[in-house]
Amino acid sequence: MIVFVSCIILFLIGLYAIVTKRNLIKIAIGFAFIEYAVNLLFALIGFKRGALAPIITQIDKPHNFVDPIPQALVLTAIVIALGTTALMLTVILRIYNRYKTFDIAEIRKLKG
Amino acid sequence: MIELYLFLIFMLIAAIIAIEIQDLLAAIISLGAVGFSVAIMFIFVHAPDLAIVQIVVEVLTVVIFVAVVLRTTHVDETIGKKLSGTQILSIVFYAFFVILFLTVMIRSLQELPAFGNATMKVAKEYIKLGLPQTGGANIVADVILDFRALDTLGEATVLFTSVIGVAALMRKVGRK
C-alpha cells in the first residue's frame, strides 16, 4: 500500500509542477514525472513475492513468475514517453527562440 | 524489500528538488536521478526488460533536456518572484483536485491486490502458451512482439510521428 501511495505522491508532484510553475522546462519535467509515476505503479502492481523474472529457463519445472502483462504494457509506454518529451522540448526551444523567455506569463503578454 | 523503500524516498526527494531549484541544469540532473532510481526499482520488482529500456530512454531524455537548456538559458527567473493572481488561483484549484483525487484513489487502492500478491488471471494463459506458440523464452517479448504485435506497430507509428514533428520544427531550409 505504501509503495503505491508513494507513486501517487510522485504523480501529484508532477501535476503540481504542470499546474502552478511558470517556467516551461519545469512544466516539461512535471510531465516526465507523471509518466514515471504511472509506469512504476504498473510495474509494482505486477510484483509477486518470491517469484522470478518472466523468462523461461527450465521447461519441466512449474513456472513461478511475476506478472508479465504490466511489464509488456509499460515497455510500450516508456518509449512513447520519450517521443512526447522530445516533441515537447522542440516546441519549447522554438518558443524560446521567438520570445527569449521561458516564463509563460511573459509569453502571454507578448502578442504576435 | 527495505532497499525498495529507500529508493522510493530518494526518488520523492529528488523530484521535489527538481521542481523547486532555481538552476535548470540542476533540475535536469535531479530528473535524471528520479529516472535512474525508477530503473533500479524495476530491477527490484524483477522487470529486467523495463530496466534496460528505462536506462536507455532516461539517458536520451537527459541529453535532450541538456541540449535545450544549453542553447537557451539555465536560470529559472520565475523562482522567488511574488505569486501572481493566476498562480494563487491555480494552487487553490490544485488543492481541490488533490482532495478529490485522493478520495477516489484511496478507494481504488483498496480494490487492488496488496503489494507482492499479483492475481495474474490473464497472465496465466500467456505464460502457458508463450513458449509453445511463439517459441520465445522471454514472456514479455512474446507478448509485445507476437500476441500484441499490432500495439507495438502503433508504438512505432507514434515514435515515427514524433520524429517527423521534431524534424519539421527544427528544420533550417524553407524557414523565413
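Computed from a predicted structure; not experimentally measured.

How each quantity is defined
Residues numbered from 1 in each chain as written. Chains lettered and ligands numbered in written order. Predicted model: local features only at pLDDT ≥ 70, side-chain atom pairs only at ≥ 80, totals over all residues. Heavy atoms only, no water. Phe/Tyr/Trp six-rings, centres within 6.5 Å; stacked < 30°, edge-to-face > 60°. Buried < 20%, exposed > 50% of the residue type's maximum accessible area, 1.4 Å probe, protein only. Domains from an automatic or database assignment. Core = buried A, V, L, I, M, F, W, Y, C linked by side-chain atoms within 4.5 Å. Helix = DSSP H or I, 4+ residues; strand = E, 2+ residues; numbered from the N terminus. Contact = heavy atoms within 4.5 Å. Buried area = accessible area lost by both parts, 1.4 Å probe. Salt bridge = Lys/Arg side-chain N within 4 Å of Asp/Glu carboxyl O. Polar contact = N/O pair within 3.5 Å; in protein donor to acceptor, adjacent residues only side chain to side chain. Nonpolar A, V, L, I, M, F, W, Y, C, P; charged D, E, K, R; others polar. Patch = residues over 30% accessible without salt bridge, like charges linked within 9 Å, V, L, I, M, F, W, Y side chains within 5 Å. Areas by Shrake-Rupley, 256 points an atom, 1.4 Å probe, with all protein chains shown as cover.

J.: Can you break down the packing of aromatic side chains residue by residue, with the values?
T.: Summed over the entire model, instances satisfying the criterion amount to eight aromatic pairs over all chains. Ring centres 4.9 Å apart and planes at 45 degrees place the aromatic pair Tyr96(A) and Phe102(A) in the tilted group. For the pair Tyr96(A) and Phe102(A), a shared accessibility class is recorded, and that class is buried. Each member of the aromatic cluster is reached from another via a ring pair, and the members are Phe4(A), Phe47(A) and Phe115(B).

J.: Give me the domain arrangement of chain B: which residues, what numbers.
T.: Assigned domains of chain B: these are domain 1 (1-81), domain 2 (89-117) and domain 3 (120-176). One C-alpha centre belongs to domain 1 of chain B, the other to domain 2 of chain B, and the line joining them spans 23 Å.

J.: Could you give an account of the nonpolar core, naming the residues involved and the relevant values?
T.: Ile25(A), Ile29(A), Phe33(A), Leu40(A), Leu44(A), Met11(B) and Phe42(B) are the most contacted members of the largest nonpolar core, which totals 80 residues. At 13 residues, the largest contribution of residues to this core is made by helix 2 (residues 24-45) of chain A. Those residues in contact with Leu40(A) that lie beyond four places of it in its chain are Cys7(A), Leu8(B), Met11(B), Val38(B), Met41(B) and Phe42(B).

J.: Run through the interface of chain A and chain B, naming residues and quoting values.
T.: With 70 residues of chain A at the contact, the number on the chain B side is 84 residues. Of all residues in chain A, the largest losses of buried area upon contact with chain B belong to Tyr36(A), Phe47(A) and Arg94(A), amounting jointly to 9% of the total for that side. Across the chain A-chain B interface, the total number found is two salt bridges. One salt bridge connects Lys26(A) with Asp76(B), and the closest N-O pair in it is separated by 2.9 Å. The tally of links between chain A and chain B comes to 15 residue pairs in polar contact (both at pLDDT 80 or more). Taken together, the elements giving at least two residues each to the side of chain A that touches chain B come down to helix 1 (2-20), helix 2 and helix 3 (68-99) of chain A. In terms of residue count, helix 3 of chain A provides more of the side of chain A that touches chain B than any other element does, 21 residues in total. Residues that form the side of chain A that touches chain B fall into these classes: 50 nonpolar, eleven polar and nine charged.

J.: Can you lay out the pattern of salt bridges for me, pointing to particular residues and giving the numbers?
T.: Applying the stated criterion to the full structure yields four salt bridges over all chains. Measuring nitrogen to oxygen at the nearest pair gives 3.2 Å for the salt bridge that ties Lys21(A) to Glu20(B). Separated into two different chains, Lys21(A) in the loop between helix 1 and helix 2 and Glu20(B) in helix 1 (residues 2-20) make up a pair that spans both. Judged by its relative accessible area of 11%, Lys21(A) is buried. You can call Glu20(B) partly exposed: its relative accessible area is 39%.

J.: Explain helix 6 (residues 139-147) of chain B to me, and be specific about the residues and the numbers.
T.: Along helix 6 of chain B, the residues classified as buried are Ile139(B), Val140(B), Asp142(B), Val143(B) and Ile144(B). Each element contacted by the buried residues of helix 6 of chain B is listed here: helix 3 of chain A together with helix 3 (48-71), helix 5 (123-134) and helix 7 (149-169) of chain B. For helix 6 of chain B, the side-chain oxygen to backbone nitrogen distance between the N-cap and Val140(B) is 3.1 Å, and the N-cap itself is Asn138(B).

J.: Let's hear about a nonpolar patch on the surface: which residues, and what values?
T.: A surface patch of nonpolar side chains, amounting to about 750 Å² of accessible area, comprises Met1(A), Ile2(A), Met1(B), Ile2(B), Tyr5(B), Leu6(B), Leu102(B) and Ile106(B). Residue assignment for the nonpolar patch shows that the elements contributing at least two residues are helix 1 and helix 4 (85-111) of chain B. Tracing the sequence through the fold places Tyr5(B) in helix 1. Residue classification places Tyr5(B) among the partly exposed residues on the basis of a relative accessible area of 32%.

J.: So what about the environment of Thr134(B)? Which residues, and what values?
T.: Residues and elements named next belong to chain B. The residue Thr 134 is located in helix 5 in this model. With a relative accessible area of 24%, Thr 134 lands in the partly exposed category. Thr 134 has contacts with Leu 129, Asp 142, Asp 146 and Phe 147, leaving out every residue within four places of it along the chain. A polar atom in the side chain of Thr 134 sits 2.6 Å from the backbone oxygen of Gly 130. Within the structure, Thr 134 has its side chain in polar contact with the side chain of Asp 142 (distance 3.2 Å).

J.: Give me the lowdown on the side chain of Asn39(A), citing residues and values where you can.
T.: Following the sequence through the fold, Asn39(A) ends up in helix 2. A relative accessible area of 7% places Asn39(A) in the buried class. Every residue in contact with Asn39(A), bar those within four places of it in the chain, is listed here: Val74(A), Ala77(A), Ile78(A) and Phe42(B).

J.: If you had to explain unusual backbone geometry to someone new, which residues and values would you point to?
T.: At Lys100(A), a residue that is not glycine, the phi angle is positive and equals roughly 60 degrees. Along the chain, the position of Lys100(A) falls in the loop between helix 3 and helix 4 (104-109). For His46(B), which is not a glycine, the phi torsion comes out positive at approximately 60 degrees. Relative to the assigned elements, His46(B) resides in the loop between helix 2 (24-44) and helix 3.

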